[in-house]
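One-letter residues, chain by chain:
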Amino acid sequence: MNWDDTTDTDAAGERLVGASADGEEQAVEAALRPKDLGEFIGQEKVREQLDLVLRAARARGATADHVLLSGAPGLGKTTLSMIIAAEMEAPIRITSGPAIQHAGDLAAILSSLQEGEVLFLDEIHRMSRPAEEMLYMAMEDFRVDVIVGKGPGATAIPLELPPFTLVGATTRAGLLPPPLRDRFGFTAHMEFYGPAELKRVIHRSAGLLDVEIDTAGAAEIAGRSRGTPRIANRLLRRVRDYAQVKADGLITREIAGAALAVYEVDARGLDRLDRGVLEALLKLFGGGPVGLSTLAVAVGEERETVEEVAEPFLVREGLLARTPRGRVATPAAWAHLGLTPPGSQTSGNGQQDLFGA
């Protein structure tokens, strides 16, 4: 169990199948986070490689190499950063790229680090360019130059830093400049989880939450979790509420299905926004191609919402394709909504009628 828009929302105010989490939900997640690599479920290759890196650093009595974790939200990047600190028996400092808008902001953080401390920098690709350039020297030489004064009289004062480990997390690794990416000693990409791994996540979380759930109930929730542990845990909490109010507290396949129907999360994990995009594309535009702006107007959402919130999952599920001419529905989209593609009607003898008569 691990992790790291708006249609239907959960108690934390987030889209129920959205992978991001606000501060309130992060507090709920904290109780469910694994504390070491042995507890961490999934990401087998990443765990094995990271374990070697940390064991070797401990054997040398040195700080661990800088670590870059990339992948979609909710897959466990923040959790792994905390595990790295725990495995190295070091404190951890947590901040984010958007919070560091000036080089002075970063200098203040770096100058206050203790030796061996882990600095977790979330959304590192959103850091300002001046701070990014200061980070190059800090990562490589454990030194920063603090500029005092302005204009011709400005002076650079070198400031030595204690050895530390930077753990950077990003959802868009392609936006990181090569000089920054090359300074990380270990880079890992977090993959989406399979149903079997998500079932283990759900069973572990259910135990921590004191929730009764059978194998079929866990499988039902896992199948609607979009390959993301954070979503699986969120759906589990909502199904738990339903089971406590509408049933005897035991989560079965039937109870899970009924609960998620209330929250409008279907068997493939699509919610109302996702289905709205598909229905507009299929029913109004015959499956496309149609431009993004036109599709957004038809759905009643902002262009960015459709492009950044709904489309990535629909594309990953093979329900929608982006083409130079516009968005196009796939045969799987027609099948999922139980609709018949135009021109696929058959005549009485079972042969396809090309004229749709």
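Before reading further, recall that the structure is shown in the block above.
Per chain, residues are indexed from 1 in the order of the written sequence. In keeping with the predicted nature of the model, local features appear solely for residues at pLDDT of at least 70, side-chain atom pairs appear and are counted solely at 80 or more, and the whole-chain, interface and lining totals rest on all residues. The side-chain numbers reported here are obtained from all heavy atoms of the structure, hydrogens and water having been left aside.

### Examining the overall build of the protein
Right, so step 1: Only DSSP runs of H or I covering at least 4 residues are called helices, and only runs of E covering at least 2 are called strands; the numbering of each starts at the N terminus. For the protein, the helix and strand inventory stands at 14 helices and nine strands.
Right, so step 2: Exposed residues in this analysis have more than 50% of their type's maximum accessible area, buried residues have under 20%, and partly exposed residues fall in between, with area computed by a 1.4 Å probe over protein chains only. Sorting the 357 residues of the protein into buried and exposed places 47% on the buried side.
Right, so step 3: Working definition of accessibility: Shrake-Rupley area with a 1.4 Å probe, residue cover restricted to the visible protein chains. Of the roughly 16400 Å² that the protein leaves accessible, carbon and sulfur atoms contribute 51%.

### Describing the nonpolar core
Right, so step 1: Side-chain atoms within 4.5 Å are what join buried Ala, Val, Leu, Ile, Met, Phe, Trp, Tyr and Cys residues into a set we call a nonpolar core. Formed by 49 residues in total, the largest nonpolar core has its most connected members in Leu 50, Leu 80, Ile 202, Ile 213, Ile 221 and Ile 251.
Right, so step 2: With seven residues, the top contributor of residues to this core is helix α9 (residues 229–246).
Right, so step 3: One finds Leu 68, Leu 106, Leu 121 and Leu 176 within the second-largest nonpolar core, a separate group that totals 24 residues.

### Notes on the packing of aromatic side chains
Right, so step 1: Pairing of aromatic rings covers Phe, Tyr and the six-membered ring of Trp, with a centre-to-centre limit of 6.5 Å; geometry is then stacked below 30 degrees between planes, edge-to-face above 60, and tilted otherwise. The tally for this structure, following the rule as stated, stands at one aromatic pair.
Right, so step 2: Geometrically, the ring pair formed by Phe 142 and Phe 164 is edge-to-face, given 5.5 Å between the ring centres and 80° between the ring planes. Of this pair, Phe 142 sits in the loop between α5 (129–141) and β4 (143–148) while Phe 164 sits in the loop between β5 (155–160) and β6 (165–170), and the two are 22 residues apart along the sequence.
Right, so step 3: Phe 164 gets classed as buried once you look at its relative accessible area, which sits at 1%.
Right, so step 4: As a reminder, the over-ring test applies to NZ of lysine and CZ of arginine, requiring each to be within 6 Å of the ring centre and within 35 degrees of the ring normal. The ring centre of Phe 313 lies 3.9 Å from the NZ or CZ of Arg 226, which sits over that ring.

### Overview of unusual backbone geometry
Right, so step 1: Although it is not a glycine, Glu 89 sits at a positive phi angle of roughly 50°.
Right, so step 2: If you trace the backbone, Glu 89 turns up in the loop between α3 (77–87) and β2 (92–96).
Right, so step 3: Of note in the backbone geometry, Phe 142 takes a positive phi value of approximately 50° without being a glycine.
Right, so step 4: Judged by its relative accessible area of 21%, Phe 142 falls in the partly exposed class.

### What to know about the sheet that holds β6
Right, so step 1: Strand pairing requires that DSSP identify at least two bridges connecting the strands. The strand order across the open sheet built from five strands is β2-β3-β6-β1-β7, with neighbouring strands paired in parallel fashion. The outermost strands of the open sheet, each flanked by one partner alone, are β2 and β7 (186–189). Adjacent strand axes in the sheet meet at a mean angle of 15°, parallel and antiparallel pairs treated alike.
Right, so step 2: Those strands touched by helix α2 (residues 44–60) are β1 (67–70) and β7, and its axis lies near 165° from that of β7. Axes here mean lines fitted to C-alpha atoms, for a helix over just the part in contact, with angles spanning 0 to 180 degrees between N-to-C directions. Throughout, a contact is declared for two residues whenever any of their heavy atoms are within 4.5 Å.

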